[in-house]
Amino acid sequence: MSSPNNPTEMVITTEPQKQQNGAELIFRREDDWTEEEISKWRPNEYERNLVNLTWSDDFDFLYELGTTIYTYIFDHNPQAKLLFIKIHRHGDEWMQSADFRTQALKFVQTISYAAKNLYHMEDCLQMRLFEIGENHVKYASRGFKPEYWDIFLDAMEYALTNHIASTSTLNAQERADATRVWRQLAHYIIVHMKYGYLAKEIQNNKEGVKTSVSETSSIKHSQSDAIL
């Protein structure tokens with residue numbers, strides 16, 4: 001029993017809230033979704049329309065979004081810079097480099113692919129995200145860690161939330177809904193990349209595949225940066 005000096009700690013469950021009749025509430029906080037639920041998430045027509053209304057293939061938009069994402073990543077996890085050799089060889093001028101512009105656009109192209117394939121999530125999008133995740137196993141020797149997926153997710157949410165907040169063509173409710181939908185899509189993207197990464201890691205372990213010293217050196221000094 002709790003007391004004023006020892007209050008009961010509030011526990012936030014990952015289970016969806018229920019109405020009195022047992023039905024799930026339509027709107028839930030994103031944090032209430034489990035990884036399994038997110039992996040099976042499918043937006044409805046209204047949600048797909050919100051994605052279309054808040055996305056653009058305009059170069060300036062894509063570059064600004066990519067810049068915000070990577071700036072967030074590097075500010076919050078400086079170790080992630082080791083994954084992007086081509087960018088940080090420019091020193092303090094990395095943000096003005098052509099290499100950074102290329103990398104920034106590479107990330108948002110993945111988001112753009114997801115936004116354009118909301119009608120083909122099972123037969124197209126999942127496979128693409130899974131393959132990107134698999135590809136990142138080869139960057140483990142450069143320092144890529146599974147927990148880096150979380151900082152990528154945080155960066156996506158931060159950049160997309162700020163973008164939607166400044167979208168004047170939507171009313172307040174639509175902006176709130178669009179923020180929720182984009183956060184769910186960001187989670188979906190990262191979850192399926194994680195699945196690919198972990199599956200490839202397990203496969204390599206079973207097959208006894210290890211990166212040799214020469215391969216490690218080659219990867220570390222490669223001019224090919226990570227996809228994300």
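A quick note: this is a predicted structure, and the numbers were derived from the prediction, not measured.

### Quick notes on the packing of helix α5 (residues 98-116) against helix α6 (residues 121-135)
Two elements in contact, α5 and α6, have axes whose closest approach is 9 Å; the angle formed by their N-to-C orientations is 160 degrees. The orientation of α5 with respect to α6, classified from their angle, is roughly antiparallel. Every pair of crossing elements has a handedness; the one defined by α5 and α6 is left-handed. Listed contacts from α6 to T110, Y113 and A114 of α5 are C124, L125, R128, L129 and I132. The residue inventory of the contact of α5 with α6, partitioned by class, reads six nonpolar, one polar and one charged.

### Notes on the nonpolar core
By size, the foremost hydrophobic cluster in this structure holds 56 residues, and its most contacted members are W55, I69, I73 and W182. Listing elements by their share of this core, those giving two or more residues are α2 (45-53), α3 (59-76), α5, α6, α7 (148-165) and α8 (172-207). Per-element accounting of this core gives the leading share, eleven residues, to α8. Excluding anything up to four places from it in sequence, W182 contacts L50, V51, T54, W55, I111, A115, L160 and I164.

### Topic: α2
Those residues of α2 not exposed but buried are E47, R48, L50 and V51. Buried residues of α2, viewed axially, fall in a sector of 155 degrees; they line one side. Looking at the buried positions of α2, the neighbouring elements they touch are α5 and α8. The backbone nitrogen of Y46 has a side-chain oxygen 3.1 Å away, supplied by the residue at the start of α2, namely N44.

### Some thoughts on the environment of M156
You can see M156 is positioned in helix α7. Its relative accessible area of 1% is what places M156 among the buried residues. The sequence separation of M156 and H187 amounts to 31 residues, and the corresponding C-alpha distance is 9.2 Å. Those residues in contact with M156 that sit more than four places away from it in its chain are I69, F107, I111, A186, I189 and I190.

### Describing the pattern of salt bridges
The final tally for this structure, using the stated rule, is nine salt bridges. Between R42 and E122 there is a salt bridge whose closest N-O contact spans 3.1 Å. Within this pair, whereas R42 is found in the loop between α1 (35-39) and α2, its partner E122 is found in helix α6, the two being separated by 80 residues in sequence. R42 gets classed as partly exposed once you look at its relative accessible area, which sits at 32%. Where K116 meets D57, a salt bridge forms, and the shortest distance between an N and an O atom there is 2.6 Å. Placement of the pair is K116 in helix α5 and D57 in the loop between α2 and α3, with a sequence separation of 59 residues. Because the salt bridges share partners, they merge into one network encompassing E35, D150 and K194.

### A look at the environment of F107
Inspection of the secondary structure puts F107 in helix α5. In this structure the C-alpha to C-alpha distance between F107 and T67, which are 40 residues apart in sequence, comes to 9.7 Å.

The rules behind each value
Residues numbered from 1 in each chain as written. Predicted model: local features only at pLDDT ≥ 70, side-chain atom pairs only at ≥ 80, totals over all residues. Heavy atoms only, no water. Axes fitted to C-alpha atoms, helices over the stretch in contact; angles between N-to-C directions. Helix = DSSP H or I, 4+ residues; strand = E, 2+ residues; numbered from the N terminus. Parallel < 35°, antiparallel > 145°, perpendicular 65-115°, else oblique. Left-handed = near helix turned anticlockwise from the far one by under 90°. Contact = heavy atoms within 4.5 Å. Nonpolar A, V, L, I, M, F, W, Y, C, P; charged D, E, K, R; others polar. Core = buried A, V, L, I, M, F, W, Y, C linked by side-chain atoms within 4.5 Å. Buried < 20%, exposed > 50% of the residue type's maximum accessible area, 1.4 Å probe, protein only. Arc of directions from axis to C-beta. Polar contact = N/O pair within 3.5 Å; in protein donor to acceptor, adjacent residues only side chain to side chain. Salt bridge = Lys/Arg side-chain N within 4 Å of Asp/Glu carboxyl O.

Purely spatial values, then, with no claim about function.
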